[in-house]
Amino acid sequence: QVQLLESGGGLVQSGASLRLSCAASGRTFSDYSVGWFRQAAGKEREFVAAISWGGVNTYYADSVKGRFTISRDKAKNTVTLQMNSLKPEDTAVYYCAASLGGSWYRPTMDDFDSWGQGTQVTVSS
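Keep in mind that this is a model prediction, so the values were computed, not measured.

In this fold, Thr78 is placed in strand S8 (residues 78–83). Residue class for Thr78 comes out buried when judged on its relative accessible area of 18%.

The relation between two aromatic rings is expressed through the spacing of the ring centres and the mutual angle of the planes. This model, assessed by the stated rule, comprises seven aromatic pairs. On the numbers, 5.7 Å between centres and 70° between planes, the contact of Trp104 with Tyr105 is edge-to-face. Each member of the aromatic cluster is reached from another via a ring pair, and the members are Phe37, Phe47, Tyr59, Trp104, Tyr105, Phe112 and Trp115. The residue whose ring lies beneath Arg45 is Trp115, and the NZ or CZ to ring-centre distance is 5.1 Å. In this structure, Arg72 is placed above the aromatic ring of Phe29, and the distance from its NZ or CZ to the ring centre is 5.2 Å.

In this section: the nonpolar core. Counting residues in each nonpolar core, the largest one holds 34 residues, and the members touching the most others are Phe29, Trp36, Leu81, Met83 and Tyr94. Looking at this core, the elements that each hand over two or more residues are strand S3 (18–25), strand S4 (32–39), strand S5 (46–51), strand S7 (68–73), S8, strand S9 (92–100) and strand S11 (119–124). Each residue touching Leu81, except ones within four places of it in the same chain, is listed here: Leu18, Arg19, Leu20, Trp36, Val48, Ala49, Phe68, Thr69, Ile70 and Tyr94.

Once that is clear, we can look at the state of the cysteines. When the sulfur atoms of two cysteines share a covalent bond, that bond is a disulfide. Summed over the entire model, instances satisfying the criterion amount to one disulfide. Each sulfur of the disulfide joining Cys22 and Cys96 lies 1.9 Å from the other. Residues Cys22 and Cys96 are joined through a disulfide that is left-handed, its torsion about the S-S bond being -70°. You can see Cys22 sitting in strand S3 and its partner Cys96 sitting in strand S9, a full 74 residues away along the chain. Looking at Cys22, the relative accessible area reads 0%, which means it is buried.

Rules of the game
Residues numbered from 1 in each chain as written. Predicted model: local features only at pLDDT ≥ 70, side-chain atom pairs only at ≥ 80, totals over all residues. Heavy atoms only, no water. Helix = DSSP H or I, 4+ residues; strand = E, 2+ residues; numbered from the N terminus. Buried < 20%, exposed > 50% of the residue type's maximum accessible area, 1.4 Å probe, protein only. Phe/Tyr/Trp six-rings, centres within 6.5 Å; stacked < 30°, edge-to-face > 60°. Lys NZ or Arg CZ within 6 Å of the ring centre and 35° of its normal. Core = buried A, V, L, I, M, F, W, Y, C linked by side-chain atoms within 4.5 Å. Contact = heavy atoms within 4.5 Å. Disulfide = S-S within 2.5 Å.

Printed below as a string of structure tokens:
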């Protein structure tokens, strides 16, 4: 398995931007599709964005499409989630997840083998 560590969360005002990073160690990260999920207080964890192992293909939840961008840097073994035009409803703990050879298209939580501990994002109105 690959070990994942998220960073970059924080408290921002509505309309601001944040950049989350997911750093990997253990196995060759480039073999993995990677996804971001989030979980707001009292709600189920939901899919946010995913990127294929090659970094060519991406997929987004409708709620973040056009505002969030997922990308990966193979040399640095990281996947980044750039979040722009943040809204209070984006407030949640954000988790990075990796899937060895898994799908990047409409993935579910069950598709992912490894998970990070999460990073808190809070957007104030």
